[in-house]
Every structure is written in structure tokens, then in C-alpha cells.
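Examining the three-dimensional arrangement
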Amino acid sequence: MATIKVAVIGVGNCASSLVQGKYHYAASNTAHGLIHEEIGGYRVSDLEFVAAFDVDSRKVGLDLGQAIFAKPNCTKVFHADVPATGTIVKMGAKLDGVAPHMLTAANDRGFEVDETRDATKAEIVQTIKDSGAEILVNFLPVGSQDATEFYMECALEAGVGVVNCMPVFIASRPEWEKKFADAGLPIIGDDVKAQVGATIVHRVLSNLFKQRGVTIDHTYQLNTGGNTDFMNMLDRNRLSSKKESKTEAVQAVLSERLADENIHVGPSDYIPWLHDNKLCFLRLEGNLFGDVPMNLELRLSVEDSPNSAAVVVDAIRCVKVGLDRGIAGALTGPSAFFCKHPPEQFTDDVAAQMTDDFIQAESPLAAE
Ligand SMILES: O=P(O)(O)OC[C@H]1O[C@@H](O)[C@H](O)[C@@H](O)[C@@H]1O
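Residues numbered from 1 in each chain as written. Predicted model: local features only at pLDDT ≥ 70, side-chain atom pairs only at ≥ 80, totals over all residues. Heavy atoms only, no water.

**Quick word on the overall build of the protein chain**
- Of the regular secondary structure elements, the protein chain holds 12 helices and 13 strands.
- Radius of gyration (C-alpha) of the protein chain: 20 Å, near the 21 Å computed for a compact globule of 368 residues.
- By principal-axis analysis of the C-alpha atoms, the protein chain measures approximately 65 × 55 × 45 Å.
- In the protein chain, which comprises 368 residues, the share counted as buried stands at 56%.
- A total accessible area of about 15000 Å² is found for the protein chain, and carbon and sulfur atoms account for 51% of it. (Helix = DSSP H or I, 4+ residues; strand = E, 2+ residues; numbered from the N terminus. Rg over C-alpha atoms; globule rule 2.2 N^0.38 Å. Buried < 20%, exposed > 50% of the residue type's maximum accessible area, 1.4 Å probe, protein only. Areas by Shrake-Rupley, 256 points an atom, 1.4 Å probe, with all protein chains shown as cover.)

**Examining helix H1 (residues 13-27)**
- With 15 residues, H1 ought to run about 21 Å at 1.5 Å a step, and its terminal C-alpha atoms sit 21 Å apart, in line with that.
- Counting buried residues in H1 gives 11 out of 15 residues, a clear majority hidden from the surface.
- In this structure, the buried side of H1 is in contact with strand S1 (4-9), strand S4 (47-54), helix H2 (64-67), helix H7 (228-232) and helix H9 (304-325). (Expected span 1.5 Å × (residues − 1). Contact = heavy atoms within 4.5 Å.)

**Considerations on helix H6 (residues 198-211)**
- The terminal C-alpha atoms of H6, which comprises 14 residues, lie 20 Å apart, in line with the 20 Å expected from a rise of 1.5 Å per residue.
- A large share of H6 lies buried, amounting to 10 of its 14 residues.
- Burial in H6 covers these residues: Ala198, Thr199, Ile200, Val201, His202, Arg203, Leu205, Ser206, Asn207 and Phe209.
- Phi turns positive, to about 75°, at Gly213, one or two residues after H6.

**Quick word on the UniProt feature "domain: Myo-inositol-1-phosphate synthase GAPDH-like" (unreviewed entry) in the protein chain**
- Within this numbering scheme, the UniProt entry marks residues 197-305 as carrying the feature "domain: Myo-inositol-1-phosphate synthase GAPDH-like" (unreviewed entry).
- Secondary structure across residues 197-305 comprises 30% helix and 39% strand; the distance between its end C-alpha atoms is 10 Å. (UniProt positions renumbered as here; feature names shortened; annotations may be inferred.)

**Some points on unusual backbone geometry**
- Cis geometry marks the peptide bond from Lys71 to Pro72; its omega dihedral reads 5°.
- Within the secondary structure layout, Pro72 lies in the loop between H2 and strand S5 (90-91).
- Cis peptide bonds are those with omega within 30 degrees of zero, and the linkage from Gly189 to Asp190 qualifies with 0°.
- Phi is positive for Leu95, which is not a glycine, with a value near 45°.
- Mapped onto the secondary structure, Leu95 falls in the loop between S5 and helix H3 (121-131).
- In this model, His275 sits at a positive phi of 50°, which is unusual for a non-glycine residue.

**Side note on the sheet that holds strand S10 (residues 263-270)**
- Strands sit in the order S10-S9-S11-S12 across an open sheet of 4 strands; the sheet is mixed. At either end of the open sheet lies a strand with only one pairing partner, and these are S10 and strand S12 (292-303). Put simply, the sheet's adjacent strands are angled 10° from each other on average, direction ignored.
- Here 12 bridges tie strand S11 (residues 277-288) to S12, and the two strands are oriented antiparallel to one another. Residue pairing across strands places Leu284 opposite Leu296, the latter belonging to S12.
- The strands touched by H6 within the sheet are strand S9 (215-225), S10, S11 and S12, with S11 carrying the most contacts at an inclination of about 15°.
- Taken strand by strand, helix H8 (residues 240-251) contacts S9, S10 and S11, and its axis lies near 140° from that of S10. (Pairing = 2+ DSSP bridges. Axes fitted to C-alpha atoms, helices over the stretch in contact; angles between N-to-C directions.)

**Some remarks on the layout of surface pockets**
- Size it by volume and the largest pocket reaches roughly 220 Å³.
- Every residue lining the largest pocket is counted, 16 residues in all, and those nearest its centre are Gly21, Tyr25, Phe78, Pro306 and Ala309.
- Contributions of two or more residues to the lining of the largest pocket are made by H1 and H9.
- The element that contributes the greatest number of residues to the lining of the largest pocket is H1, accounting for 5 residues.
- Split by residue class, the lining of the largest pocket holds 9 nonpolar, 5 polar and 2 charged. (1 Å grid on protein atoms, 1.4 Å probe; cavity = no way out; pocket = protein on both sides within 12 Å on 5 of 7 lines; lining within 4 Å. Points joined across faces, edges and corners; volume = space filled by probe spheres on them. Nonpolar A, V, L, I, M, F, W, Y, C, P; charged D, E, K, R; others polar.)

**Some details on the site of the ligand**
- For the ligand, the set of nearby residues contains 15 residues, the closest of which are Asp191, Thr199, Lys246, Asp304 and Lys340.
- Thr199 places a side-chain nitrogen or oxygen 2.5 Å from an oxygen atom of the ligand.
- Coverage of the ligand by the protein amounts to 95% of the 400 Å² it exposes when considered alone.
- Contributing elements (two or more residues each) for the shell around the ligand: H6, H8 and H9.
- Here the residues of the shell around the ligand are counted per class, giving 4 nonpolar, 3 polar and 8 charged. (Near = heavy atom within 4 Å. Polar contact = N/O pair within 3.5 Å; in protein donor to acceptor, adjacent residues only side chain to side chain.)

**Considering the nonpolar core**
- Formed by 45 residues in total, the largest nonpolar core has its most connected members in Val8, Leu18, Val137 and Ile316.
- At the level of secondary structure, the elements contributing two or more residues to this core comprise S1, H1, S4, H2, strand S6 (135-138), H9, helix H10 (332-338) and helix H11 (348-360).
- No other element matches the 9 residues that H9 contributes to this core.
- In contact with Val8, other than residues within four places in its own chain, are Leu18, Phe49, Ala51, Ala52, Phe53, Val137 and Phe139.
- Membership of the second largest hydrophobic core comes to 32 residues, among which are Ala119, Leu156, Phe180 and Ala330. (Core = buried A, V, L, I, M, F, W, Y, C linked by side-chain atoms within 4.5 Å.)

**Points about the pairing of S9**
- Two elements, S9 and S11, share 9 bridges in a ladder whose sense is antiparallel. Bridging across to S11, Tyr220 finds its partner in Arg283.
- By the bridge criterion, 7 bridges tie S9 to S10 in an arrangement that is parallel. In the sheet register, Leu222 faces S10, and the bridge partner there is Gly266.

This is the structure we're talking about:
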């Protein structure tokens, strides 16, 4: 049976939903909740998690099947029956992945980190190589610039493809993209655009206004949640690339770019009792026929991590197809469909079509 061997950096809520998803779809006969049931001959149940890194003492040393349910993870458990995977979570490299305020959080909310332990690049590269991983998935917290660059170097050295789920710019930064192209490795990034999340809803509505001739003159997207992602983002210094990624994703589909003072997109508050439930409040103001004003308000409520995993399971399988077909560098269509800050932006309809075209190009497995 063909499998896809995956290494994950960060065993938080997003990794939890991803791992649960493998077992959920292996046990179920439906494709409910999937964007694609099969990609290049691969199903979600074909994912195999062969390596995992974290820095939290409550996870390091545990089997991945247990670590995904350890604190401070708080996402909805939709598939509790995850067996031991045989993959033990290894100590990762801390660098700037741990914001100081995450160490002093009460009620099992933040991180518990053993300051005396850290992993070297050689150890991480060796673990990835020994595991047989083909693809590395980056789930580091927002603001982990140095840690992300460090793990990208590890990926290049170990010779694995990458899905960059978070907003440090790698696939969309030409000098980094070139490193992957030169190494013969595919990459999808940057920053996951959730299945039906704040960004895609904001973009689709903005595109609707454009198609229907309504000029937008003000818009905001306020996001609140109670997971570690939102707690981490209380440190506003960690947010610059996140804000750029989310704002540009919306600006890219407007008929006219808005001045900075007329667009506000970003994380707005941490509300502990929301746990992994993300609430997004959107407002678009514009002028329709006769320059008559109108506005639209929307409230979106989603469990953040399964919303991310739906996209990540597709991105992983597209990177695998890239590896199978010898395609190197950023995968343009899938990056635009799955991510907020791809190397090149397209409307979501176009990006969806490009992704389907990429998938439907002759599959090596189908040809076997
Ligand atoms: O809802 P949006 O704007 O698509 O963003 C969602 C994703 O944004 C990513 O940056 C977060 O790490 C994910 O947890 C989240 O699912």
C-alpha cells in the first residue's frame, strides 16, 4: 500500500486534528468534510506520521497518538480512538518558537518547557532521515521566524518536501523558494487558508462585491479564540508577518487596494473559554448603484484546527504528488488555493481550478 511519510513540527491543536483525521477517515466510509477524497491515488488514511517534534515537556517522549491529546491542546476530539503510532515525540529546537509570556500562563494554557533541553540541527536532520519522512509540515507558532528558517534548513538537508502552515514567508520568498527548487523539492506555502475560515469567506465576499460592481471603501475582520495560537498572538510583536499575510490575502481580491486606515484584518482578542472555537466578525462597507451606501456583517464560528487540517491533508498529498512527478519549488496553484500568502495570488475559483488541473495531470500511481 502506498503511504505518505510525514514529519510534523509542533504537536499542537492543528497536528492533533491532522492525526485524528487520518484515523477518522480510515474508519469511515464517507468523504464528508474532505475537499478531495483522493489526490494522485492517495487517501487521507494513507498519511503515516513517522516523526514529530515539540518543546513542551508534557508531549516530548510520548507516543504521537497520546501527545496530540496532551495539554495545552484543547481542540475538539472528533476521533478519540487513535492508536499508538510508534512515533515518539522528540525534543525540538526552541529558538524563537516559545514566546516568554507562554511560559507563565495559568491553568494549563501555555507551554511547559524544560530550559535545559534543546535539539541541534544535526539531531533533527538525522531523526527526519532515519524516520524515512518525505514531507515536513510546519506548525510552529506565529512569530517563529528563526525557528521556521532553522527547520527549513533541516528540511533541505534531509531532502524532504514542505507544507508551511504558518505565516513566516518561505514558499513566497524568492530566495527560499529557490533553495527548494535547487534541491529538487516541492513546497506549498505560506500560511494555511482554512477550509471555510475567515480569510476565504472575506475573499469570496470581496470578490462578489467586485463582480457585482460594488466598490468597497472600508472593511474589517476581527478574530477571537481561546487556543494557544490566540494566546501566543497576545504578544503583538509576533504579529507582523501574520497581519501582512491576512491583510494581503484580502487586498489581493479587491477591485482597488484600500488605504491602510480603511482595512483592518487581524487577531483581535484571546478569550480562554472559547478554547479552539474561533469567532470571526466581518464587515464590508461599499457603495452600490447611484453611489448609495450598503454594508454587510457576518459572524463565522468554526473549530479552528479541523478547519486547518482539511486543507493540510490536501496540501500534503499535493506535495507528495510533486515528489512523485519530480516537480520542484513552490507549487503555484495549490499554494494559492491552500494558503493565504502564496508566491502568486489568484481568485479562489481560479486557484481551485489550477489545483484540480495539477491533481488531474497524469498520476504515476494511476498509470501503474
Ligand atoms: O481562518 P483563516 O483566516 O483561514 O486562518 C486560519 C488558519 O490560520 C493559520 O495561521 C493558523 O495557524 C490556523 O490555526 C488557522 O486555521
